[in-house]
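Remarks on the overall topology
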Amino acid sequence: MYVTSIALIWLQIWISMAQLQQGGPDEKEKTTALKDLLSRIDLDELMKKDEPPLEFPDTLEGFEYAFNEKGQLRHIKSGEPFIFNYREDLHRWNQKRYEALGEVDTAESEPRSFIFMSEDAMTNPDKLMVLIHGSGVVRAGQWARRLIINEDLDSGTQIPYIKRAIEEGYGVIVLNPNENYIEVEKTKAQAQPSSDSSDEPAEKRERKDKIQKDTKKRRDFYEKYRNPQKEKETLQLYIRENGSPEEHAIYVWDHFIFRSAAESVFFVAHSYGGLAFVELMIQREAEVKNKVTAVALTDSVHNVWHQEAGKTIREWMRENCCNWVSSSEPVDTSVESMLPDCPRVSAGTERHELTSWKSFPSIFRFFGEALEAKRSSGKAAPTRRSQRIRYEEL
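Given the structure is predicted, the values throughout are model-derived calculations rather than measurements.

Turning our attention to the environment of Tyr170. One can find Tyr170 in the loop between helix 8 (159–167) and strand 5 (171–174). A sequence separation of 49 residues divides Tyr170 from Ala121, and the C-alpha atoms of the two residues are 8.0 Å apart. Beyond its immediate stretch of four places on either side in the chain, Tyr170 contacts Asp120, Asn124, Lys127, Leu128, Met129, Ala165, Phe266, Phe364 and Phe367.

As structure tokens, this is what we get:
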């Protein structure tokens, strides 16, 4: 074993020191020099020479462990409890393996979110449509709960968009920006986990804190409105990297949309979803410009001044975005805007929650024209095929 060889080296050194200390002044000088040499030896680096790579699985299955019906961690094959000394005489490697297993357990038990995707969302080489709803109580696949309850699914959900997008050969990703945390009953021993990270730049921490404070303020308002008689005090456990609609949009972009094969990406973003898209563009400007062909906003609440969107972003939005806003004017009629960003046109309704539904045909026409302009080479559109929407855990 390499540890044995290291121990022998140290033993020989200390024997030499003992012999030197028994000699005269010259020998004592040699002892001092030898001690100085020993002080410079990095034992950790010495032990790493023959150590196996610190590469470990990222799932419990990879470690061949699982929790049984009693909640006990046991080896899948042997049924034995976790063994720390997996490799004899490799304490440092065993410790790192133990820490890696602990990280897996934390990741698998912490709060998670999800999105919906069509089967070809990541592989469709041609085009991808991304749907983002607004803030409040709505969840993935919904535009307005009020419309779902009082009118119908066509006007209140994203189903018509999903169906038509699939018929026209788009891959589809449905975001879930309001699923930001889970609630558990608060106890004396529990404390709100901090979103602050000493490893993050101060500017990024301040932006994240502001986003989470604003999100919490909105959440508290909606919670009081929805459940005014709530008695139990609860603790909000935020989902890592998905603690706000803005964070969620960036996370899905980084892990799914940007990695998709689609040459052209199209966004439909309603209300606060428009703000989330603008924040995404601020954070990932070059990537968005390279990947996104057109953006349809419906009564978006974004503000390029308050969000500090730069000149190049505003110019890109003027060329590639359109905002269908609530108005009494006929659909697609130009509406004056006070902001120097994307053009505004009427959605053909004065009801905010209906803007996505009323502008539905116009948005697909807008995307078709944008795609046709991009395809100046005359590339043929892919064959339409049947698709299903699937659930994807984040």
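This prediction gives the protein chain a mean pLDDT of 80; 72% of its residues lie at or above 70. Segment residues 1–15 is flagged for pLDDT under 50; beyond a separation of four residues in sequence, or across chains, it makes 17 contacts in the model. In this model, residues 379–386 is a region of pLDDT below 50 whose contacts with residues beyond four sequence positions or in other chains number 10 contacts.

Moving on to the pattern of salt bridges. Taken as a whole and judged by the stated rule, the model has 12 salt bridges. With a shortest N-O distance of 3.9 Å, Lys96 and Glu99 are connected by a salt bridge. Highlighted residues: Lys96 and Glu99, both in helix 5 (residues 91–109), separated by three residues, approximately one helical turn. Here Glu99 falls in the partly exposed class, since its relative accessible area comes to 37%. Here the salt bridges do not stand alone but share partners, grouping Arg146, Glu151, Arg351 and Glu353 into one network.

With their axes 11 Å apart at the nearest point, helix 8 and helix 15 (residues 360–374) run at an angle of 35° to one another. In this structure, helix 8 meets helix 15 at a crossing whose hand is right-handed. The segment helix 8 lies against helix 15, with Pro160, Tyr161, Arg164 and Ala165 engaging Phe360, Pro361, Ile363 and Phe364.

So, on to helix 11 (residues 272–283). Spanning 12 residues, helix 11 covers 17 Å between terminal C-alpha atoms, matching the ideal 16 Å at 1.5 Å per step. Most of helix 11 sits out of view: 10 of its 12 residues are buried. Burial in helix 11 covers these residues: Tyr272, Gly273, Gly274, Leu275, Ala276, Phe277, Val278, Glu279, Leu280 and Met281.

This next bit is on the nonpolar core. In this structure, Ile173, Ile257, Phe267, Trp316 and Met317 are the most contacted members of the largest nonpolar core, which totals 34 residues. If you list the elements that add at least two residues to this core, you get strand 3 (114–118), strand 4 (127–132), helix 10 (245–257), strand 8 (264–270), helix 11, strand 9 (292–298) and helix 13 (311–320). Take this core: its biggest share by element is six residues, from helix 10. Residues contacting Met317, with those up to four places away along its chain left out, are Val278, Met281, His302, Val304, Asp341, Cys342 and Pro343. Of all hydrophobic cores here, the second largest spans 27 residues; its members include Phe114, Ala296, Phe360 and Ile363.

Moving on, we get to the environment of Asp299. In this structure, Asp299 sits in the loop between strand 9 and helix 13. Put simply, Asp299 and Trp324 are 25 residues apart on the chain and 5.9 Å apart in space, counted from C-alpha to C-alpha. Sequence-distant contacts of Asp299, defined by excluding residues within four places in its chain, comprise Ser271, Asn323, Trp324, Val325, Ser326, His352 and Thr355. Within the local environment of Asp299, its side chain forms a polar contact with the side chain of His352, the two groups lying 2.8 Å apart.

Here the phi dihedral of Glu64 falls at roughly 65°; this positive angle occurs in a residue that is not glycine. With respect to the helices and strands, the residue Glu64 is situated in the loop between helix 4 (60–63) and strand 1 (65–67). For Asp299, which is not a glycine, the phi torsion comes out positive at approximately 50°. For Asp299, a relative accessible area of 11% translates into the label buried.

On to the packing of aromatic side chains. Counted by the stated rule, this structure contains 20 aromatic pairs. Both rings, one in Tyr161 and one in Phe364, keep their centres 5.8 Å apart while their planes meet at 35°; by these two values the pair is tilted. Of this pair, Tyr161 sits in helix 8 while Phe364 is found in helix 15, placing the two residues 203 residues apart along the sequence. Given a relative accessible area of 1%, Tyr161 falls into the buried group. Ring pairs connect the aromatic residues Trp143, Tyr161, Tyr170, Phe266, Trp324, Trp357, Phe360, Phe364, Phe366 and Phe367, which therefore count as one cluster. The ring of Tyr86 carries Arg97 above its face, with NZ or CZ at 4.1 Å from the centroid. Across from the ring centre of Phe360, 5.6 Å away, lies the NZ or CZ of Arg164, which sits over that ring.

Attention now goes to the pairing of strand 4. Most of strand 4 sits inside the fold, with six of its six residues counted as buried. Burial of the side chains of strand 4 extends over both faces: Lys127, Met129 and Leu131 are buried on one face and Leu128, Val130 and Ile132 on the other. In this structure, strand 4 lies alongside strand 8, joined through six bridges in parallel fashion. Counterpart to Val130 in the pairing with strand 8 is Phe267.

With that settled, consider the side chain of Ser260. Assignment of secondary structure puts Ser260 in the loop between helix 10 and strand 8. Of the residues examined, Ser260 reaches a relative accessible area of 5% and is grouped as buried. Setting aside residues no more than four positions away along its own chain, Ser260 makes contact with Ala121, Met122, Leu128 and Lys291.

Here is what the cut-offs are and how they apply
Residues numbered from 1 in each chain as written. Predicted model: local features only at pLDDT ≥ 70, side-chain atom pairs only at ≥ 80, totals over all residues. Heavy atoms only, no water. Helix = DSSP H or I, 4+ residues; strand = E, 2+ residues; numbered from the N terminus. Contact = heavy atoms within 4.5 Å. pLDDT = per-residue confidence, 0-100. Salt bridge = Lys/Arg side-chain N within 4 Å of Asp/Glu carboxyl O. Buried < 20%, exposed > 50% of the residue type's maximum accessible area, 1.4 Å probe, protein only. Axes fitted to C-alpha atoms, helices over the stretch in contact; angles between N-to-C directions. Left-handed = near helix turned anticlockwise from the far one by under 90°. Expected span 1.5 Å × (residues − 1). Core = buried A, V, L, I, M, F, W, Y, C linked by side-chain atoms within 4.5 Å. Polar contact = N/O pair within 3.5 Å; in protein donor to acceptor, adjacent residues only side chain to side chain. Phe/Tyr/Trp six-rings, centres within 6.5 Å; stacked < 30°, edge-to-face > 60°. Lys NZ or Arg CZ within 6 Å of the ring centre and 35° of its normal. Pairing = 2+ DSSP bridges.

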